[in-house]
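Reading the structure
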Amino acid sequence: MNSTPDFELLAVTIQVEGRPDMPVRLAPAPERGSEPPSAPLVLREGAEFRVGLKFAVGSGHDLAGLRFIDERTRQGVTVGHQEILLGDYRHGGPYEIVLPPERLPIGHMARDVYQVTGTFVDKEGRILGCETHSFEITKDWPH
């Protein structure tokens, strides 16, 4: 579910300084136990990155307390979870938010494919949108 009448997720990008923005192919959140999306983004270990979010708020609806919940798993085990308050938004948009920078882990053990589920929730806890994608940490950037 990428959207509801109150919220529409338009784009997600991974941003790394010195490299072109990497658009995330939006796919609906999978049912539990289903396969993650194929063709993960490839990121170099230790890279600092930011996640860019672009969304719109449905006509006639304002959103209070919009939060983005990011959960990352590797081989079925949760390895990261964060909740970021995005704020209040009037109907309209599109709105573009860039999340704080993060650094990928380094080392042989970190090199793997990770699944990410991003969920947008309002202050009442209603799920407004959800997306899933994957990325692979490698020793170097792809050529």
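Now for a quick tour of the structure. Given the structure is predicted, the values throughout are model-derived calculations rather than measurements.

Reading the values: rules and limits
Residues numbered from 1 in each chain as written. Predicted model: local features only at pLDDT ≥ 70, side-chain atom pairs only at ≥ 80, totals over all residues. Heavy atoms only, no water. Pairing = 2+ DSSP bridges. Helix = DSSP H or I, 4+ residues; strand = E, 2+ residues; numbered from the N terminus. Axes fitted to C-alpha atoms, helices over the stretch in contact; angles between N-to-C directions. Salt bridge = Lys/Arg side-chain N within 4 Å of Asp/Glu carboxyl O. Buried < 20%, exposed > 50% of the residue type's maximum accessible area, 1.4 Å probe, protein only.

This part is about the sheet that holds strand E6 (residues 63-74). In spatial order, the strands read E4-E11-E10-E6-E7; together these five strands make up an open sheet with mixed pairing. Edge strands, defined here as strands with exactly one partner in the open sheet, are strand E4 (41-44) and strand E7 (77-89). Neighbouring strand axes in the sheet, compared pairwise and without regard to direction, differ in orientation by 25 degrees on average. Across seven bridges, E6 lies against strand E10 (residues 113-121) in antiparallel orientation. Bridging from a neighbouring strand, Thr-73 pairs with Gln-115 of E10.

Here the residue pair Gly-93 and Pro-94 is connected by a cis peptide bond, since its omega of 10 degrees sits within 30 degrees of zero. Within the secondary structure, Pro-94 is located in strand E8 (residues 92-98).

Let us look at the pattern of salt bridges. All told, the structure shown has nine salt bridges when counted by the stated rule. When the shortest N-O distance is used, the salt bridge between Asp-6 and Arg-126 registers 3.0 Å. Taken together, the residues span a long stretch of sequence, with Asp-6 in the loop between strand E1 (3-4) and strand E2 (7-15) and Arg-126 in the loop between E10 and strand E11 (127-138) at a distance of 120 residues. The exposure class assigned to Asp-6 is buried, which follows from its relative accessible area of 10%. Residue Arg-126 is classed as partly exposed on the basis of its relative accessible area, which comes to 40%. For the salt bridge of Glu-48 with Arg-103, the shortest nitrogen-to-oxygen distance reads 3.4 Å. In this pair, Glu-48 sits in strand E5 (residues 48-57) while Arg-103 sits in strand E9 (residues 102-103), placing the two residues 55 residues apart along the sequence. By relative accessible area, which is 42% here, Glu-48 ends up partly exposed.

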